[in-house]
Amino acid sequence: MSNQRTVNDEAEMTFGEHLDEIRKILIRVALIFALLFIVLFALKGIVLDIVFAPIRDTFPTNRLFSLMADLMGSETLRIHPDSVELFNNKMAGQFMLHIKSSFVGAFIIAFPYLIWELWLFVKPALPSQQRKQSIRYAVETPIWFVMGLLFGYYIIAPLAVNFLGNYQVSDQISNIISVDSYLSTVLSVSFAAAVAFQLPLLIRLLATIGLITSQGMRQYRKIAVAALLIFAAIITPPDVVSQVLIFIPCYALYEYGIRIAGRIEARRAKEEAIYQAKLAEEKAKAEEEARLKAEQETAEQNDEQDNTPNDTPNQEQPVEEVTSEQEEQEEQEEQEDDAYENNPHSIETILGGGVDASYNSDFNGRRNVTFGVSNDPEYRPDEEDSDTDKA
């Protein structure tokens, strides 16, 4: 693959880049198809032998039915391919037969490569999980296509050619089949079977996205039978044999699709159970973490409450110290005042009892003395002065 595709796998592509990528895919597919067409056109003998094999006695299906007719003794089962006569009534009829055969062969061989290229184009737009699922469709689509093509070529084509080529409404009419009509019949029944064999993939896709269920397919089985009969009538030539031969494998694939839908539902239920269990586990884990966090916060709050009384004395200790210092200072001042008052050399003793001296301390601790006249009624300053004079 190109480097551009690798880069675009990781980045979103614009509309122009999408068109450019589609152009590259178409060019690659066209080159492969042209190469295969040239090779098959050169191998004219091999291609035409494959085209005309269903009307030969050596064809495996013709030999199998002949053997069954011999064992059961019934000529009804015997295929008579030699009774089918082909003719060409156009100038370029055989040349066009050669081109058509080579073209169809090249398409059949290139079909798996075409599906793979389409898947590579769609893959970058899918999520990683859907990429893993989509690769199954990319692988199984060519497989079912080839299986249906082989079923139509080996089973339906010889029976349809034998029935239509030998069918008569009157003995006066002989069947001379044109080459174009023969080729169209073989290709139509073969490709019709190839398309019908895509039914399991269609059922898988619809069941995956939830549009159908196994229970619904069982419930509407009768409607599905009618729809398959109409489908077989549309994609096959206008004969009952081809229609029945297409319907039988289609109905078998429908029943197989019911099993596919059932397995998808069981897988989806299992994935849903795993998802719900995972959600429950995550929820329980989150609740456990929340519980542990709440317990841790509660423990931290309890530790803070336990440490609060131990810290309070340390905070109040300076206040107690200051209070005790003040009490000591006041007590010391009282003692000094008492000593000062009892001192014979104090101011009150010297001045006499008629003078009041009050002492106080200012903010800086200095002592202030205030003098005043005594309020004692027995105090007579004149007498004391006369006594002093007499002395």
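The rules we used
- Residues numbered from 1 in each chain as written.
- Predicted model: local features only at pLDDT ≥ 70, side-chain atom pairs only at ≥ 80, totals over all residues.
- Heavy atoms only, no water.
- Helix = DSSP H or I, 4+ residues; strand = E, 2+ residues; numbered from the N terminus.
- Buried < 20%, exposed > 50% of the residue type's maximum accessible area, 1.4 Å probe, protein only.
- Areas by Shrake-Rupley, 256 points an atom, 1.4 Å probe, with all protein chains shown as cover.
- Axes fitted to C-alpha atoms, helices over the stretch in contact; angles between N-to-C directions.
- Parallel < 35°, antiparallel > 145°, perpendicular 65-115°, else oblique.
- Left-handed = near helix turned anticlockwise from the far one by under 90°.
- Contact = heavy atoms within 4.5 Å.
- Nonpolar A, V, L, I, M, F, W, Y, C, P; charged D, E, K, R; others polar.
- Phe/Tyr/Trp six-rings, centres within 6.5 Å; stacked < 30°, edge-to-face > 60°.
- Core = buried A, V, L, I, M, F, W, Y, C linked by side-chain atoms within 4.5 Å.
- pLDDT = per-residue confidence, 0-100.
- Arc of directions from axis to C-beta.
- Salt bridge = Lys/Arg side-chain N within 4 Å of Asp/Glu carboxyl O.

### Structural notes on the overall build of the protein chain
- A count of helical and extended segments in the protein chain gives 13 helices and 4 strands.
- Across the 391 residues that make up the protein chain, the buried fraction comes to 27%.
- Approximately 26400 Å² of the protein chain is accessible, and the part contributed by carbon and sulfur atoms is 59%.

### Notes on the packing of helix H6 (residues 128–166) against helix H8 (residues 199–208)
- Packing of H6 against H8 leaves a shortest axis separation of 10 Å and a crossing angle of 160°. Judged by the inter-axis angle, H6 sits roughly antiparallel to H8. Read as a crossing pair, H6 and H8 show a hand that is left-handed. Here H6 contributes Gln-133, Arg-136, Tyr-137, Glu-140, Thr-141 and Trp-144 to the contact with H8, which in turn contributes Pro-200, Leu-201, Arg-204, Leu-205 and Thr-208.
- When its residues are assigned to classes, the contact of H6 with H8 shows 5 nonpolar, 3 polar and 3 charged.

### A closer look at the packing of aromatic side chains
- In the structure shown here, the tally under the stated rule is 16 aromatic pairs.
- For the ring pair Phe-33 and Phe-103, a centre distance of 5.0 Å and an interplane angle of 75° mean the geometry is edge-to-face. Within this pair, whereas Phe-33 is found in helix H2 (residues 15–42), its partner Phe-103 is found in helix H5 (residues 93–122), the two being separated by 70 residues in sequence.
- Residue classification places Phe-103 among the partly exposed positions, given a relative accessible area of 45%.
- Considering the side-chain rings of Phe-52 and Tyr-182, the 5.6 Å spacing of their centres and the 10° angle between planes classify their relative orientation as stacked. Taken as a pair, Phe-52 in helix H3 (residues 44–52) and Tyr-182 in helix H7 (residues 179–196) lie far apart in primary sequence, 130 residues in all.
- Given a relative accessible area of 16%, Phe-52 falls into the buried group.
- Three or more aromatic residues joined by ring pairs form one cluster here, namely Phe-107, Phe-111, Phe-145 and Phe-191.

### Considerations on the nonpolar core
- Formed by 44 residues in total, the largest nonpolar core has its most connected members in Phe-52, Tyr-182, Ile-246 and Tyr-254.
- At the level of elements, H3, H6, H7, H8, helix H10 (221–235) and helix H11 (240–341) are the ones that each hand at least two residues to this core.
- Membership of the second largest hydrophobic core comes to 5 residues, among which are Phe-111, Ile-115, Phe-145 and Ala-194.

### Describing the packing of helix H4 (residues 60–72) against H6
- Axis separation between H4 and H6 bottoms out at 9 Å; the angle between their running directions is 70°. Judged by the angle between their axes, H4 and H6 are roughly perpendicular. Two secondary-structure elements touch here, H4 through Pro-60, Thr-61, Asn-62 and Phe-65 and H6 through Tyr-154, Ile-155, Pro-158 and Leu-159.
- Grouping the constituent residues of the contact of H4 with H6 by class yields 6 nonpolar, 2 polar and no charged.

### Let's talk about the confidence of the model for the protein chain
- Per-residue confidence for the protein chain averages 77 on the pLDDT scale, and 77% of its residues sit at or above 70.
- Per-element confidence in the protein chain is highest for H5, whose mean pLDDT is 91, and lowest for helix H1 (residues 3–10), whose mean pLDDT is 44.
- The model gives residues 311–320 a pLDDT under 50, and that stretch makes 0 contacts with residues more than four places away or in other chains.
- Low pLDDT (under 50) marks residues 345–351, which in the prediction has 14 contacts with non-local residues, meaning those over four places away or in another chain.

### Regarding H3
- Taken as a whole, H3 has its buried residues at Val-47, Leu-48, Val-51 and Phe-52. Mapping the buried residues of H3 onto a view down its axis gives an arc of 120°, with all of them on the same face.
- Packing partners of the buried residues in H3 comprise H2, strand E1 (85–87), H5 and H7.

### A closer look at H8
- For H8, the full list of buried residues reads Leu-199, Pro-200, Leu-201, Ile-203, Arg-204 and Ala-207.
- Where H8 ends, the next residue or the one after it, Gly-210, has phi of about 85°, a positive value.

### Considering the pattern of salt bridges
- Counting across every chain of the model gives 9 salt bridges.
- A salt bridge links Arg-28 to Glu-117, with the nearest nitrogen and oxygen atoms 3.1 Å apart. Placement of Arg-28 in helix H2 and of Glu-117 in helix H5 is noted, with a sequence separation of 89 residues between them.
- The class of Glu-117 is buried, set by a relative accessible area of 2%.
- Its salt-bridge partner being Arg-291, residue Glu-288 comes within 2.3 Å of it at the nearest N-O pair. Residue Glu-288 and its partner Arg-291 are located together in helix H11, separated by 3 residues, close to a single helical turn.
- The partly exposed category is assigned to Arg-291, whose relative accessible area is 38%.

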